[in-house]
Each structure stands twice: as structure tokens, then as C-alpha cells.
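What the coordinates show
The lines below spell out each chain.
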Amino acid sequence: MDRLYKPSKLSEILSKYGFRFTKSLGQNFLIDGNIVRKIVDVAEISEEDNVVEIGPGVGTLTEELALRAKKVVAVEIDEKLRELHKETLNIENVKVIYGDFLDLDLKKLTKEEFGDEDFKVVANLPYYVTTPIIEKLILAKVNLISITVMVQREVAKRLSAEPGSKDYGSLSVFINYYTDCKYKFQVPSSVFMPKPNVDSAVVNLKMINREEIDTEFLFKVVRASFNTRRKTILNSLSNSKLNYTKEEIKRALELSGIDERRRAETLKLEEFIILSVNFKSVG
Ligand code: SAM
């Protein structure tokens, strides 16, 4: 039987069900078996794994996941795919849920589907909601082991950026706090139907268990630090919404061993953590 990533097979299915692409839903479907297999390889999916996929589309990636995983739960916003899925995703270990992933109670769903077992996320994400989806996954407090996703290349660079690089910003620090994020490989636009206008890349994020700290305040400090990227950390923090005087900011920086003339983009996660802790003692 032909696999869904075969362009002729995909076109046949799409026309059989009269499917029309909805650009605003980020519908660019994979048509390359090597890329599909590479994504699942990066995610290290084996028969013991439970998987959540966001946006199965026709089911190209879902099909490969189903072959390798124990169980796949796929969440698709586009109800128009329901009939088509009865043909493409009529697979024993696959369950499709219809709805907006951002509105979904992930804790409830994964408890119902996987009990207390862990799960991994694998997806070719709709690019218009990449960051909210990743943030939701990270903050959901569920038994999530890792996230392997295809995203816009620019976003992949920001997610995995190291201090000192031009892509490093508050998103990189947030991701670096909660995960070990690795940029895996670049993907040309030619492997999608229809072709997107941007290049893509696959990233792998392994969840990290950290000691509980006041993360709300930590990320307030991080955002304030990147407020004015080109300015020194002292000026950036002084001109931000953080409620501290310039003297208090100087003191917190000094206590943290951070030169006030440095820029936010040079600060490592550990320095942001120390700084946020020291702010509490100067205020
Ligand atoms: N996985 C398929 C593939 O690789 O060929 C399709 C990927 S396509 C880039 C993104 C998919 O996400 C589409 O099927 C789209 O309808 C779906 N989608 C878009 N927004 C969504 C949302 N908020 N929640 C769940 N699915 C969504």
C-alpha cells in the first residue's frame, strides 16, 4: 500500500475528499518520506512510547509515528479532515481529537489516554501558533519527556540560540530554563505541499526538572533586560517596567557579579537566575 508522503497518493486522497488547503491554519503537508523518518528518528520513538501529535493534517507523520510508537493521540483543528481521516488514520493505535490545541485541557487528555505514563510530542507545527503551542506544552505540568517539532527556521534559531548570538533573546532564555534544546536539521520548502514561503528546521527539546524558583519574576527580569537590546543591562533595566530604582538595580547587578555595562544578549541563564534572586534582597 502506498504511503501518504508519496505526492501522487496525497494528491489522490485530497482530491477524493475535495480537500482545500486553509492557509491561515498553516496547512503545509509533508511529501518526503526521508524527512518524515528523520523527524521520528530525532524524537527517538520506540514501541514503549506514547505520542501526542499536534496537527496531523492528512496523517503523513502520524502514519510513521503509529508504526513505531505504542499509541498516538493527534489533535487536529480542521473538522473538514474528519471524513478523510476515516480512510487515512483508521489505525488501531491512533486516536484523533478535533479541536484547537490551545484550548485543550492537556492534563486531562493525557491522563485519560496515557494514565500516569510519560509521553513525547512530535509535530510539524502550524507556524502561526508555534510559540504559544511550545509555551503551553512546557508550562502544562504534565508527564512530558520531549518535544520534537518542525518550525520556521528563524524560530528554530531563536529557540536554540546561545548567549552572544544575534538570535538570543527572552524566548531562548525561557526555553533554556525548561529544556535542553537542540537545533537538529534544516528542511527545504520543496518537501511540503503546498510550498511555504519560509525555510523550516527541526528542533528537539528535552524537558529539564529544575528546583522550584519564582519563575514569574525571573522571566519579568529577563524580558526587562531585553527591553532595549542595544543598551547596557543597567539602562535597559532602569527604563523597564521593573519597579526598582537605578541604585537598587546597580546593587543587584553588583551582588550578582554582573558588570552593569554588559548587554542582556551576553548573559547566561544562570546569571539571570542569580540576578532575579538578588533583586529580592535589594528591594
Ligand atoms: N502533520 C501534517 C504533515 O506534516 O503533513 C500537517 C502539518 S501542517 C504544517 C499543520 C497542521 O496543524 C494542519 O493540519 C492544521 O490544520 C493543524 N492546525 C493548525 N492550527 C491548529 C491548532 N491550533 N490546533 C490543532 N491543529 C492545528
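The name given to the protein chain in an unreviewed UniProt entry is Ribosomal RNA small subunit methyltransferase A, and the organism recorded there is Peptoniphilus porci. Its UniProt record, at the heading Sequence similarities (unreviewed entry), says of the protein chain: "Belongs to the class I-like SAM-binding methyltransferase superfamily. rRNA adenine N(6)-methyltransferase family. RsmA subfamily." UniProt lists a comment for the protein chain under the heading Catalytic activity (unreviewed entry), and it reads "adenosine(1518)/adenosine(1519) in 16S rRNA + 4 S-adenosyl-L-methionine = N(6)-dimethyladenosine(1518)/N(6)-dimethyladenosine(1519) in 16S rRNA + 4 S-adenosyl-L-homocysteine + 4 H(+)".

Surrounding the ligand, one finds 22 residues, the nearest of these being Leu30, Gly55, Glu76, Asn124 and Tyr128. Backbone polar atom of Leu30 to an oxygen atom of the ligand: 2.8 Å apart, as the coordinates give it. Contact between the ligand and Glu53: a nitrogen atom at 3.3 Å from a side-chain N or O atom of the residue. Protein burial of the ligand: of its 590 Å² of free accessible surface, 99% is covered by the chains. One can see that the ligand is located within the second largest pocket. Considering only residue class, the shell around the ligand consists of ten nonpolar, eight polar and four charged.

Look at helix α12 (residues 269–282): 20 Å from first C-alpha to last across 14 residues, which is about the 20 Å you get at 1.5 Å a residue. Of all the residues in α12, the buried ones are Leu269, Glu271, Phe272, Ile273, Leu275, Ser276, Asn278, Phe279 and Val282.

So, about the nonpolar core. Of all hydrophobic cores here, the largest spans 63 residues; its most connected members are Leu137, Val149, Leu159, Ile175, Phe272 and Phe279. Here this core spans two domains, and each of domain 1 (7–207) and domain 2 (215–280) adds at least three residues to it. If sequence neighbours within four positions are ignored, Ile175 has contacts with Ile134, Ile138, Leu159, Cys181 and Leu205. Listed in part, the 25 residues of the second largest apolar core include Ile35, Val40, Leu61 and Val122.

Here is what the cut-offs are and how they apply
Residues numbered from 1 in each chain as written. Predicted model: local features only at pLDDT ≥ 70, side-chain atom pairs only at ≥ 80, totals over all residues. Heavy atoms only, no water. UniProt positions renumbered as here; feature names shortened; annotations may be inferred. Near = heavy atom within 4 Å. Polar contact = N/O pair within 3.5 Å; in protein donor to acceptor, adjacent residues only side chain to side chain. Areas by Shrake-Rupley, 256 points an atom, 1.4 Å probe, with all protein chains shown as cover. 1 Å grid on protein atoms, 1.4 Å probe; cavity = no way out; pocket = protein on both sides within 12 Å on 5 of 7 lines; lining within 4 Å. Sits in = over half its atoms within 2 Å of the grid points. Nonpolar A, V, L, I, M, F, W, Y, C, P; charged D, E, K, R; others polar. Helix = DSSP H or I, 4+ residues; strand = E, 2+ residues; numbered from the N terminus. Expected span 1.5 Å × (residues − 1). Buried < 20%, exposed > 50% of the residue type's maximum accessible area, 1.4 Å probe, protein only. Core = buried A, V, L, I, M, F, W, Y, C linked by side-chain atoms within 4.5 Å. Domains from an automatic or database assignment. Contact = heavy atoms within 4.5 Å.

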